[in-house]
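A closer look at the structure
Here's the letter readout for the chains.
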Amino acid sequence: MRTTVGIIGGGPAGLLLARLLYRAGIDCAVLESRTREYVEQRQRAGMLEQGTVDALHEAGAADRLDTEGLVHHGIELRFAGERHRIDFPALTGGRTVTIYAQTEIVKDLVALQLADGPPLLFEAEALSVEKPESEQPVVRFRHEGRERTLACDWVVGCDGFHGIARDAFPAAGSRTYAHDYPYSWLGILADVPPSCDELIYARGERGFALHSMRSPSVSRLYLQVPNGTDPGDWPDDRIWDELAARFAIDADWTLGRGPVTAKSVTPMRSHVHEPMRHGRLLLAGDAAHIVPPTGAKGLNLAVSDVRLLARALTGLYGTGSTQLLDRYSELCLARVWQATRFSDDMTRMLHAQPNGDAFENRMQLARLRRITASRHAAAELAAHYTGLPLPL
Ligand code: FAD
Ligand code: DHB
């Protein structure tokens with residue numbers, strides 16, 4: 001097989017890049033190691049920045065998002081038995097966020113891709129990227145029991161944290177920055193209307209909890225749990241009791257309960273690979289960087305990488321200019337480090353220390369008090385949460 005841009009990974013980054021390139025008239029192909037059913041059901045993100053919504057419009061993939069997405073104007077911070085609202089439009093000059101599940105974005109993009117191309121192969125596992133320094137890099141992959149090759153002008157690794165594209169970067173000249181947090185999230189999906197209109201981020205001595213949603217009838221909730229937690233140790237009643245205790249406030253408020261339809265544990269980590277380009281191989285999304293989910297930045301960063309990359313490749317094939325492509329890594333990493341810092345701040349401010357450090361507890365409360373007392377501090381949180389502008 002041969003194509004102009006070979007894309008490894010059919011998650012949100014790879015699928016969106018394929019659509020943006022297709023609409024710009026640039027030939028590409030997507031290799032995805034899993035089945036269509038698997039990628040469409042994998043429960044993950046749900047909070048979209050305005051820039052992500054704009055990118056889905058640019059890609060012609062926003063019809064369902066426009067009718068089913070829930071526009072939110074703020075979040076609630078809960079701590080010390082109190083509730084405090086952060087009003088995004090008032091603090092950011094009108095910015096909002098949208099709740100629409102990653103599973104639905106993937107379904108929308110897969111349907112478009114299968115309807116009018118470019119090629120998207122499921123159960124096509126990339127094995128290696130060869131000759132990324134040359135004019136003609138090649139992806140070796142396995143499909144339908146056979147080993148095959150995809151010859152490309154450019155290869156983009158959108159193959160997530162466990163992908164193989166990063167392996168083709170030379171050790172000399174590459175560097176990874178990583179941090180593992182001493183806790184994980186237990187996430188559930190439940191058939192019950194959300195008990196709130198906007199997301200609730202709750203901090204308490206029992207640990208962090210997040211109330212999110214997927215639709216007016218489906219809730220998505222997360223609990224801080226110790227690393228190594230087995231979801232099997234958390235029967236539904238135990239989860240609901242713990243969530244109710246962590247969201248409790250000194251006012252009348254009840255957490256609605258309902259059947260739990262999915263349950264999984266996610267470790268919390270930061271991981272950044274520098275640089276994001278080597279020769280004709282580029283990385284985008286989780287393949288290059290992971291942030292802890294407290295700031296809701298992972299999917300949004302994947303989308304902003306891909307937006308920049310689509311513009312860079314469109315510039316190259318439209319006008320012959322390599323200017324943006326040459327700055328791709330630098331421009332993405334500037335945003336990535338800001339998002340990593342914001343996600344780290346949110347994570348440290350809201351999670352209970354496993355060792356119960358009393359000083360750290362007071363620091364968390366002082367940070368939260370500052371945000372709720374100072375318009376300037378709240379505006380800083382709102383600016384990052386709703387998304388920094390694309391550097392173009
Ligand atoms: P992925 O979604 O990981 O996609 C990579 C794809 O590559 C996969 O389909 C994989 O099967 C495929 N692949 C891997 N190896 C190969 C190979 N060798 N060959 C071919 N294909 C391969 N982000 C937010 O912005 N907001 C949130 O609210 C949010 N909440 C989250 C909550 C949780 C519990 C978790 C776990 C994550 C959350 N995130 C959130 C992060 C977000 O889900 C990820 O950042 C996002 O999925 C990144 O997309 P991606 O396309 O880069 O990678
Ligand atoms: C969701 C996940 C997050 O990590 C977050 O910060 C906000 C929302 C979600 O899955 O809806």
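Quick note: structure is the one above.
What comes next concerns the included structure. From a predicted model like this one, the values you see are computed outputs, not experimental measurements.

Remarks on the site of ligand 1
Inspection of the region around ligand 1 gives 37 residues, with Gly-9, Gly-11, Gly-160, Gly-285 and Gly-298 positioned closest. Within the residue set of the shell around ligand 1, elements represented by two or more residues are α1 (12-23), β9 (124-130), β13 (175-190) and α8 (298-319). It is α8 that provides the largest number of residues to the shell around ligand 1, a total of four residues. Residue composition of the shell around ligand 1, grouped by class: 15 nonpolar, 15 polar and seven charged.

Side note on unusual backbone geometry
Both trends apply: most residues other than glycine have a negative phi, and most peptide bonds are in trans. In this chain, Gly-117 is followed by Pro-118 through a cis amide linkage whose omega measures -5 degrees. In this structure, Pro-275 follows Glu-274 across a cis peptide bond, with omega equal to -5 degrees. Structurally, Pro-275 can be placed in the loop between β17 (260-274) and β18 (277-278). One non-glycine residue, Glu-123, lies in positive phi territory at about 50 degrees. Note that Glu-123 resides in the loop between β8 (120-121) and β9. Residue classification places Glu-123 among the partly exposed positions, given that 15 C-beta atoms sit within 10 Å. In this structure, Ala-296 takes a positive phi of about 55 degrees despite not being glycine.

The rules behind these values
Residues numbered from 1 in each chain as written. Chains lettered and ligands numbered in written order. Predicted model: local features only at pLDDT ≥ 70, side-chain atom pairs only at ≥ 80, totals over all residues. Near = placed C-beta within 6 Å. Helix = DSSP H or I, 4+ residues; strand = E, 2+ residues; numbered from the N terminus. Nonpolar A, V, L, I, M, F, W, Y, C, P; charged D, E, K, R; others polar. Buried ≥ 20, exposed ≤ 12 C-beta atoms within 10 Å, placed from the backbone.

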